[in-house]
Amino acid sequence: MRTLVLGGTGILGRATVGAARRRGWPALGLARGQADIENPTRVAAAIAAFRPELVVNCAALTHVDRCETEPERAFAVNGAAVGVVAAACASAGARLVQISTDYVFDGAGREPYREEDP
């Protein structure tokens, strides 16, 4: 499965590219400078150039303290920019896997989480 990994030069991104390649999938990991997820033109161009079947988004603002002190910036990168990626994937017919975290929810819940859950 032809796989494009956004945030592909970070720890998770490199591991994802490696996992895809071990499965024999053509995989390309792009750094922020190559496909900044906040830039619709760059994301669409990267997807058009590589023609992936699957896009894995590992790009995120992950510094928790910064996210708490800069919530608008955190939402721009970890929320709105994901919409940019999803739209580009939809236009190209690629599937999207969005990586998330267990930092917000501890995983102990017995029901699916809602955004409003503590």
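All residue numbers refer to positions counted from 1 along the written sequence of the respective chain. Restriction of local features to residues with pLDDT of at least 70 applies here, the model being predicted, together with a cutoff of 80 or more for giving and counting side-chain atom pairs; totals for whole chains, interfaces and linings are based on all residues. With hydrogens and water stripped out, all remaining heavy atoms of the structure feed into the side-chain values.

Trainee: Just to check I follow, could you spell out the overall build of the chain for this structure?
Mentor: Across its full length, the chain carries four helices and four strands. Walking the chain from its N terminus toward its C terminus, one meets helices and strands in the order β-α-β-α-β-α-α-β. Only C-alpha atoms enter the radius of gyration; for comparison, a globular chain is expected to reach 2.2 Å times N to the power 0.38, where N is the number of residues. The C-alpha radius of gyration computed for the chain amounts to 15 Å, which stays within 12% of the reference 13 Å derived for 118 residues, consistent with globular compactness. When its C-alpha atoms are laid out on the principal axes, the chain stretches across 40 × 30 × 25 Å. Every residue pair with non-hydrogen atoms within 4.5 Å of one another is taken to be in contact. Excluding contacts between residues fewer than 6 apart, the proportion of contacts in the chain whose partners are at least 24 apart in sequence is 61%. Summed over its atoms, the accessible surface of the chain is roughly 7600 Å², and 55% of this surface lies on carbon and sulfur atoms. Charged-residue counts in this description rest on Lys and Arg as positive and Asp and Glu as negative, His and the chain ends being excluded. Every charge is mapped onto a representative atom, which is NZ of Lys, CZ of Arg, CG of Asp or CD of Glu. Here the chain contributes 13 positively and 13 negatively charged side chains, and the mean placements of these two sets differ by 15 Å. The secondary structure listing takes helices from DSSP runs of H or I that are at least 4 residues long and strands from runs of E that are at least 2 residues long, numbered from the N terminus. Note on areas: Shrake-Rupley, 1.4 Å probe, and residue coverage restricted to the protein chains presented here.

Trainee: Can you help me understand the packing of helix H2 (residues 40-50) against helix H4 (residues 71-92) in this one?
Mentor: When two helices pack together, you describe them by how their axes are tilted relative to each other and by the distance separating the axes. Axis definition: a line fitted to C-alpha atoms, over the contacting stretch in the case of helices. Angles run 0 to 180 degrees between N-to-C directions. Where H2 meets H4, the axes come as close as 9 Å, and the angle between the chain directions of the two elements is 35°. Relative to H4, H2 is oriented so that their crossing is right-handed. The segment H2 lies against H4, with Pro-40, Val-43, Ala-44 and Ile-47 engaging Val-84, Val-85, Ala-88, Cys-89 and Ala-92. Ten residues, namely Ala, Val, Leu, Ile, Met, Phe, Trp, Tyr, Cys and Pro, are considered nonpolar, four, namely Asp, Glu, Lys and Arg, are considered charged, and the remaining ones, Gly among them, are considered polar. Its residues assigned to classes, the contact of H2 with H4 shows nine nonpolar, no polar and no charged. By convention, the crossing between two helices is left-handed when the near helix turns anticlockwise from the far helix through less than a right angle, and right-handed when the turn is clockwise.

Trainee: So what exactly am I meant to see when it comes to the environment of Ala-48 here?
Mentor: Considering the arrangement of structural elements, one finds Ala-48 in helix H2. Remark: exposure states derive from per-residue accessible area (1.4 Å probe, protein chains only) relative to the maximum for the residue type, with buried under 20%, exposed over 50%, and partly exposed in between. Accessibility expressed as a relative area gives 53% for Ala-48, which makes it exposed.

Trainee: Please clarify how the state of the cysteines should be interpreted in this entry.
Mentor: Between two cysteines, a covalent bond joining their sulfur atoms is known as a disulfide. Any two cysteine sulfur atoms within 2.5 Å of one another count as a disulfide. This structure, assessed with the given rule, holds zero disulfides. Lacking any disulfide linkage, Cys-58 is separated from the closest cysteine sulfur, that of Cys-89, by 12 Å. Note on Cys-67: no disulfide assigned, nearest cysteine sulfur contributed by Cys-58 at a separation of 16 Å.

Trainee: What am I meant to see in the pairing of strand E2 (residues 27-30) here?
Mentor: The rule for pairing is simple: two strands pair if DSSP sees at least two bridges between them. The pairing of strand E1 (residues 3-6) with E2 spans four bridges and is classified as parallel. Of the residues in E2, the one forming a bridge with Val-5 is Gly-29. In terms of handedness, the path from E1 via helix H1 (residues 11-22) over to E2 forms a crossover that is right-handed. Crossovers are described as right-handed under a simple rule: with the strands pointing away from the observer, the path leading from the first strand over the helix to the second runs clockwise.

Trainee: Just to check I follow, could you spell out H2 for this structure?
Mentor: Three- or four-residue spacings in an α-helix give side chains the same orientation, since the helix completes a turn every 3.6 residues. Taken together, the buried positions of H2 are occupied by Val-43, Ala-46, Ile-47 and Phe-50. For H2, the angular spread of the buried residues around the axis is 95°, confining them to a single face. The outward face of H2, more than 90 degrees from its buried face, is lined by the exposed residues Thr-41, Ala-48 and Ala-49. Turning to H2, the residues buried within the fold contact E1, E2, strand E3 (54-57) and H4. Where H2 ends, the next residue or the one after it, Arg-51, has phi of about 55°, a positive value. It is the directions from the helix axis to the C-beta atoms whose arc is reported.

Trainee: Is there a simple way to think about unusual backbone geometry in this case?
Mentor: Negative phi values dominate among residues other than glycine, just as trans dominates among peptide bonds. Even without a glycine there, the phi angle at Arg-51 is positive, about 55°. Following the sequence through the fold, Arg-51 ends up in the loop between H2 and E3. When its relative accessible area of 59% is taken as the criterion, Arg-51 is described as exposed.

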